[in-house]
Amino acid sequence: MTRWRLRALILLVYVIVGLYVAWVYDYITPGLLRDVAEALLAVFLWFLVLLGIDLHIGR
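What you see as residue numbers is a count from 1 along each chain, following the sequence as written. For this predicted model, a pLDDT threshold of at least 70 governs which residues receive local features, and a threshold of 80 or more governs which side-chain atom pairs are given and counted, while totals over whole chains, interfaces and linings are taken from all residues. Side-chain measures were taken over the full set of non-hydrogen atoms in the model, leaving aside hydrogen atoms and water.

## Looking at the overall build of the protein
Each helix corresponds to a stretch of at least 4 residues labelled H or I by DSSP, and each strand to a stretch of at least 2 residues labelled E; elements are numbered beginning at the N terminus. Each helix and strand in the protein was counted, giving three helices and zero strands. Each helix (α) and strand (β) of the protein, taken in turn from the N terminus, gives the series α-α-α. Here the globule rule is a power law, 2.2 Å times the number of residues to the power 0.38, and the radius of gyration is based on C-alpha atoms. Against the 2.2 N^0.38 benchmark of 10 Å for 59 residues, the protein shows a C-alpha radius of gyration of 17 Å, more extended than a compact globule. Dimensions along the principal axes, computed over C-alpha positions, put the protein at roughly 50 × 30 × 10 Å. Exposure categories follow from relative accessible area, calculated using a 1.4 Å probe and restricted to protein chains: below 20% of the type maximum is buried, above 50% is exposed, and the middle band is partly exposed. The burial tally for the protein puts 7% of its 59 residues in the buried class. Accessible area of the protein: about 5400 Å², with a carbon and sulfur share of 73%. Separation between the mean location of the 5 positive side-chain charges and that of the 4 negative ones in the protein comes to 22 Å. Accessible surface area values rest on a Shrake-Rupley calculation with a 1.4 Å probe, where residue burial reflects the displayed protein chains alone. Two residue types count as positive, namely Lys and Arg, and two as negative, namely Asp and Glu; His and chain ends fall outside the count. For charged residues, the charge sits on one atom: NZ in Lys, CZ in Arg, CG in Asp, CD in Glu.

## Concerning helix α1 (residues 3–24)
Spanning 22 residues, α1 covers 32 Å between terminal C-alpha atoms, matching the ideal 32 Å at 1.5 Å per step. D26 occupies a position one or two residues after α1 and carries a positive phi of about 60 degrees. Multiply 1.5 Å by the residue count of a helix minus one, and that product is the helix's expected span.

## Things to note about the packing of aromatic side chains
For Phe, Tyr and Trp, rings pair up if their centres lie within 6.5 Å, where Trp contributes its six-membered ring, and each pair is then called stacked (planes under 30 degrees apart), edge-to-face (over 60) or tilted (otherwise). Taken as a whole and judged by the stated rule, the model has one aromatic pair. When the centroid spacing of 6.0 Å and the interplanar angle of 80 degrees are considered together, the rings of W46 and F47 count as edge-to-face. For F47, a relative accessible area of 40% translates into the label partly exposed.

## Focus on the confidence of the model for the protein
Confidence of the predictor at the level of single residues is captured by pLDDT, which takes values from 0 to 100. Across the protein, the average pLDDT comes to 90, with 98% of residues at 70 or higher. Averaged pLDDT values over the elements of the protein bottom out at 89 in helix α3 (residues 46–50) and peak at 95 in α1.

Structure, rendered in structure tokens:
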């Protein structure tokens, strides 16, 4: 395994463990995930927002 792949793997494991800890301690909630998903949809599908299409999830 090359050096950069090892570093990338360590970084990936670090981020995954951090996400798990944040989820367990309620820093990440389903409401937050929904809001982030809505924001990402609005950013990547901005032309649909301009056409008046509602991108809100679960509302």
